[in-house]
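These are the residues of each chain, in order.
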Amino acid sequence: MRFCRDSGHRPLPAKVSTVGAYVGCLADKGTCQPSSVASYLAPIRKRHLAGGYTSPTAHHSVREALKGYTNEWLDAAGAAKTKRCALPAPLAGRLARRAARAPDHRTFLRLTAVVTQSLWGRRARDILGLRVGALRCLASGAVHFQITRSKTDSRRPGGERLAHVYPPSPFAALDYPVLNLRRLLAWHRRSGSPASAFLFASFSSSSPGSTLSAWLRDGLAALNVAAPCWQRYCSHS
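Residues numbered from 1 in each chain as written. Predicted model: local features only at pLDDT ≥ 70, side-chain atom pairs only at ≥ 80, totals over all residues. Heavy atoms only, no water.

Along its length, the protein chain carries nine helices and five strands. Overall, the protein chain shows an N-to-C arrangement of helices and strands of α-α-α-α-β-α-α-α-β-β-β-α-α-β. Taken over 237 residues, the protein chain has a buried fraction of 34%. In the protein chain, of all internal contacts separated by at least 6 residues, the share reaching a separation of at least 24 is 61%. (Helix = DSSP H or I, 4+ residues; strand = E, 2+ residues; numbered from the N terminus. Buried < 20%, exposed > 50% of the residue type's maximum accessible area, 1.4 Å probe, protein only. Contact = heavy atoms within 4.5 Å.)

Now for the pattern of salt bridges. Evaluated as defined, the whole model comprises two salt bridges. Residue Asp 126 is joined to Arg 122 by a salt bridge in which the shortest nitrogen-to-oxygen separation is 3.1 Å. Neither residue differs from the other here; Asp 126 and Arg 122 are each classed as buried. On the accessibility criterion, Asp 126 (6% relative accessible area) is buried. Linked through salt bridges whose partners overlap, the residues forming this network are Arg 122, Arg 123 and Asp 126. (Salt bridge = Lys/Arg side-chain N within 4 Å of Asp/Glu carboxyl O.)

Of the two faces of strand S3 (residues 143-148), only one is covered, namely that formed by Val 143, Phe 145 and Ile 147; the face formed by His 144, Gln 146 and Thr 148 stays uncovered. Here strand S2 (residues 135-137) folds back onto S3 in antiparallel fashion, the turn holding five residues, of which Gly 141 has a positive phi close to 100 degrees. (Pairing = 2+ DSSP bridges.)

Okay, structure coming up:
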């Protein structure tokens, strides 16, 4: 009531924008923790329902304002945490096209690894552990590959390695992810790499997830792309 009186807003029935402004006022004061904001909004809800009005506190705009309040509070406290989200397919496509036009082999290799993980949905260890002899690109556009069996694969029948198939693209446009893999295999053949050689790089990293995440960040930075607020893109999520 005091906020409405001081700011000239109608308290009952209150507009959604009024409640949003009230949440903003609490945020500006900085004395109310996010977990306590609900107790400030509860009387507003009760008064509206008692008067036969729809409570403005249930509106999605107010919920978004509360999320913003929480994020701002955590950010100020240095405790904000980002949420992992899968790399969108259009971005994976842009990275694949950038890899195809990369001026150096290292950039081409790293972006191809990131896109491969995104499309195949395998762990970073599976992707960086791929061997040259474990990959076959067929004329149909499909890709056959084998990965080392992990603990989560223990229930599946088969030997030490599991075979998978990446199906051909249903679209007529160039399938850059597969074209890049073909190019990489051709490079290994020209270089005389044995079938046991790692496809993407020397597999010496103790943290393959961090390695691929760093390559993804570099690729997105080159595209001048950033994830939405409080989120971070992951090639496998």
